[in-house]
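So the chains spell out like this:
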Amino acid sequence: MKKSYSLLWCTILVLTLVASGCKKKVKPVSERIAKAWTAESVKHGNDVAYTRGGSANQFPAYSGFRLTLTNASGAKTVSFTDVDGTTFTGNWDLDGDSKLILKDLTPPPTASGGTLEFTITSLDDAKLVLTRLKSSPKTGGTINEYTLTNP
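What you see is a predicted model; the values in this text were computed from it and never measured.

A short note on the packing of aromatic side chains
Two measures describe an aromatic ring pair: the distance that separates the ring centres and the angle between the ring planes.
Next up, step 1: For the coordinates displayed, the defined rule picks out 8 aromatic pairs.
Next up, step 2: Their ring planes at 85 degrees and their centres at 5.4 Å tell us that Phe-65 and Phe-80 sit as a pair that is edge-to-face. Of this pair, Phe-65 sits in the loop between β2 (47-51) and β3 (66-72) while Phe-80 is found in strand β4 (residues 75-81), placing the two residues 15 residues apart along the sequence.
Next up, step 3: A relative accessible area of 2% places Phe-65 in the buried class.
Next up, step 4: Among the aromatic side chains, those forming a connected cluster through ring pairs are Tyr-50, Phe-59, Tyr-62, Phe-65, Phe-80, Phe-88, Phe-118 and Tyr-146.
Next up, step 5: We note Lys-76 situated over the ring of Trp-92; from NZ or CZ to the ring centre the distance is 5.1 Å.

Below, the structure written as structure tokens:
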């Protein structure tokens with residue numbers, strides 16, 4: 001009888017170890033976010049300003065919005081094309097897994113000192129939701145939320 005219990009516990013232990021070892025490993029945020037992103041929808045405060053394919057967009061120029069984050073050999077560079085068509089280049093970094101910082105941007109975006117910060121609201125392989133931490137002077141001083149997709 002003791003052998004049966006010992007065999008049963010050993011079997012349970014082995015199955016538990018195998019099951020826990022088979023979990024898919026999730027890449028770090030710094031790898032998952034390093035892609036080219038385009039606007040799917042944008043909110044200025046609580047108002048929807050743009051929806052891809054929408055016919056009544058308040059700001060149709062968001063169709064040209066691009067955020068390209070690259071991470072090549074530890075060099076994290078960004079190219080960012082804003083709603084007005086201006087392209088900024090610089091570097092990016094993460095503060096933990098929930099804050100994206102675009103820094104050393106040239107030319108510096110209006111009233112930014114060359115730095116833009118966003119909260120990462122959600123991230124998966126094809127969709128990224130960012131909320132700007134400071135108001136945007138280009139959109140009337142609103143806090144903007146960007147739902148971006150990787151085409």
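Focus: the pairing of β4
Next up, step 1: Of the pairings in the sheet, the one linking β3 to β4 comprises 7 bridges and is antiparallel in character. Residue pairing across strands places Ala-72 opposite Ala-75, the latter belonging to β4.
Next up, step 2: Where β3 hands over to β4, the hairpin turn is made up of 2 residues, of which Ser-73 adopts a positive phi near 55 degrees.
Next up, step 3: Pairing geometry for β4 and strand β5 (residues 87-95), over 5 bridges, is antiparallel. Across the sheet, the residue bridging to Thr-77 is Asn-91, located in β5.

A word on the side chain of Thr-142
Next up, step 1: The topology assignment puts Thr-142 in the loop between β8 (127-132) and β9 (144-149).
Next up, step 2: At a separation of 2.8 Å, a polar atom in the side chain of Thr-142 contacts the side chain of Thr-139.
Next up, step 3: Among the polar contacts listed, one links the side chain of Thr-142 to the side chain of Asn-144, at a separation of 2.6 Å.
Next up, step 4: What Thr-142 contacts, discounting residues up to four positions off in sequence, is His-44, Gly-45, Lys-134, Ser-135 and Ser-136.

Parameters at a glance
- Residues numbered from 1 in each chain as written.
- Predicted model: local features only at pLDDT ≥ 70, side-chain atom pairs only at ≥ 80, totals over all residues.
- Heavy atoms only, no water.
- Phe/Tyr/Trp six-rings, centres within 6.5 Å; stacked < 30°, edge-to-face > 60°.
- Helix = DSSP H or I, 4+ residues; strand = E, 2+ residues; numbered from the N terminus.
- Buried < 20%, exposed > 50% of the residue type's maximum accessible area, 1.4 Å probe, protein only.
- Lys NZ or Arg CZ within 6 Å of the ring centre and 35° of its normal.
- Pairing = 2+ DSSP bridges.
- Polar contact = N/O pair within 3.5 Å; in protein donor to acceptor, adjacent residues only side chain to side chain.
- Contact = heavy atoms within 4.5 Å.

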